[in-house]
Amino acid sequence: MLPWTALSLALSLALVWARSGAERGPRAAAPQGDLLFLLDSSASVTHYEFSRVREFLGQLAAPLPLGPGAVRASLVHVSSRPHSEFPFGQHSSGAAVQDAILAAAQLMGNTNTGLALAYAKEQLFAEAAGARPGVPKVLVWVTDGGSSDAVGPPMQELKDLGVTVFIVSTGRGNRLELSAAASAPAEEHLHFVDVDDLPIIARELRGSILDAMQPRQQLRASEVTSSGFRLAWPPLLTADSGYYVLELAPGAEPAAARRQQLPGNATGWTWAGLDPDTDYHVALLPESNLHPVGPQHLRVRTLPEEAGPERIVISHVRPSSLRVSWAPAGALRYHVQVGPLRGGAVQRVEVPAGRNGTALQGLAPGTAYLVTVTAAFRSGRERALSAKACTPDSERSRAPRPPPPPGPGGRGP
């Protein structure tokens, strides 16, 4: 009886372990990718701020699973000229990367962030420079908010390569510009935090970085408008190893699919002429002649139609001021221009999204004006509507009013 009892117990335990393993499901694959830290080393940050940011990046890196087949890290300084503190693959442990970050010295100079981003694309993230093909790539940019050169175009080129961009601003950055620079959605990739409070977000940001490095969907959409969007993916093929078939179908009409064949070295495509406020299913089918490459799928919804202000209302008209209001158009921002109809200086007022009115000051009494409200949309398009308004004469220039006539039986003055 004892052997049978032992065998029964062993089978029971094996069954329990099998069930528990099934409930847990397959283990998540180990994160793998290239992580670039972009450190503002210019004279726009104080030595104290630089040291605090350096400590923060060290805290981010220390627990990461670094190694040849896992995560690799690199650090680039933003200054007058970009400088690589250490390239990918030089350090094989989180502790070694942390020590290298803490040993980095501030370079001072100008804040040429755009130049550093272009350097990262050409010298670090390019396969010709030794970058690993097909692995996720992540950029963490810690900034005080300013740059001496343009950031948008080189950042978009990195995102078109499939780089996930996290931005940490120490509080003085332009939220609109940084939101456009970070990967979408901005609320998950952009952090505003005081330099002394950086450790508070270290754990959350590290988790987001590791999540971005999990083997996953690599087809991404950006620049979504009411009539189109831009697609980007990392290099999955080469010009000699195959080609892509890109499919686009409205969610409600799968039979109305559009197809586009692209060469194997393509990493992006822009769809245009689409319907507003519509779900589209996108499929990227890599056709490789070397080894199987899985398809990529994505769902993108275009924005509602971009309609300009529907009507303009002029109110609170005074000799030197008036108020202009309009029906909101869901724009990114508004421009309000006012100028005399017969020529003269034109006044321009910027109004942020969410507001639908503003006061115009410093006008001339007794003057006819043309007021134009322009809605600026994220796509770069603009829609405008104009109205005429006339300020009254000033009180001093008005003729005195005659006294009222005397009442019945009364006398004049």
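Everything discussed here concerns the structure shown above.
A short tour of the structure in this document, coming up. The structure presented is a predicted model; accordingly, all values stated were derived computationally and were not measured.

Scoring rules and cut-offs
Residues numbered from 1 in each chain as written. Predicted model: local features only at pLDDT ≥ 70, side-chain atom pairs only at ≥ 80, totals over all residues. Heavy atoms only, no water. Buried < 20%, exposed > 50% of the residue type's maximum accessible area, 1.4 Å probe, protein only. Helix = DSSP H or I, 4+ residues; strand = E, 2+ residues; numbered from the N terminus. Arc of directions from axis to C-beta. Contact = heavy atoms within 4.5 Å. Salt bridge = Lys/Arg side-chain N within 4 Å of Asp/Glu carboxyl O. Core = buried A, V, L, I, M, F, W, Y, C linked by side-chain atoms within 4.5 Å.

## Let's talk about helix α3 (residues 94-102)
Looking only at α3, the buried set comprises Gly-94, Val-97, Ala-100 and Ile-101. Seen from one end, α3 has its buried residues packed into an arc of 125°, which puts them on one side. The inward-facing, buried residues of α3 contact β1 (33-40), α2 (47-61), β2 (71-78) and β3 (83-86).

## Here's the deal with the pattern of salt bridges
In the structure shown here, the tally under the stated rule is eight salt bridges. Residue Arg-52 is joined to Glu-55 by a salt bridge in which the shortest nitrogen-to-oxygen separation is 3.1 Å. Pair noted here: Arg-52 and Glu-55 are both in helix α2, with a separation of three residues, about one helical turn. Arg-52 sits in the partly exposed class, given a relative accessible area of 21%. One salt bridge in this structure joins Arg-259 and Glu-247, with 3.1 Å as the shortest N-O distance. Of this pair, Arg-259 sits in strand β10 (residues 258-263) while Glu-247 sits in strand β9 (residues 242-250), placing them twelve residues apart in sequence. Accessibility expressed as a relative area gives 57% for Arg-259, which makes it exposed. Shared partners join several salt bridges into a network, and the residues in it are Arg-52, Glu-55 and Asp-196.

## Observations regarding the nonpolar core
Residues Leu-35, Phe-37, Phe-56, Leu-57 and Val-140 are the most contacted members of the largest nonpolar core, which totals 34 residues. Once you skip the residues sitting within four places of it in the chain, Phe-37 turns out to touch Leu-57, Leu-60, Ala-61, Ala-73, Ser-74, Leu-75, Val-76, Ile-101 and Val-140. Of all hydrophobic cores here, the second largest spans 22 residues; its members include Leu-36, Phe-125, Leu-139 and Leu-190.

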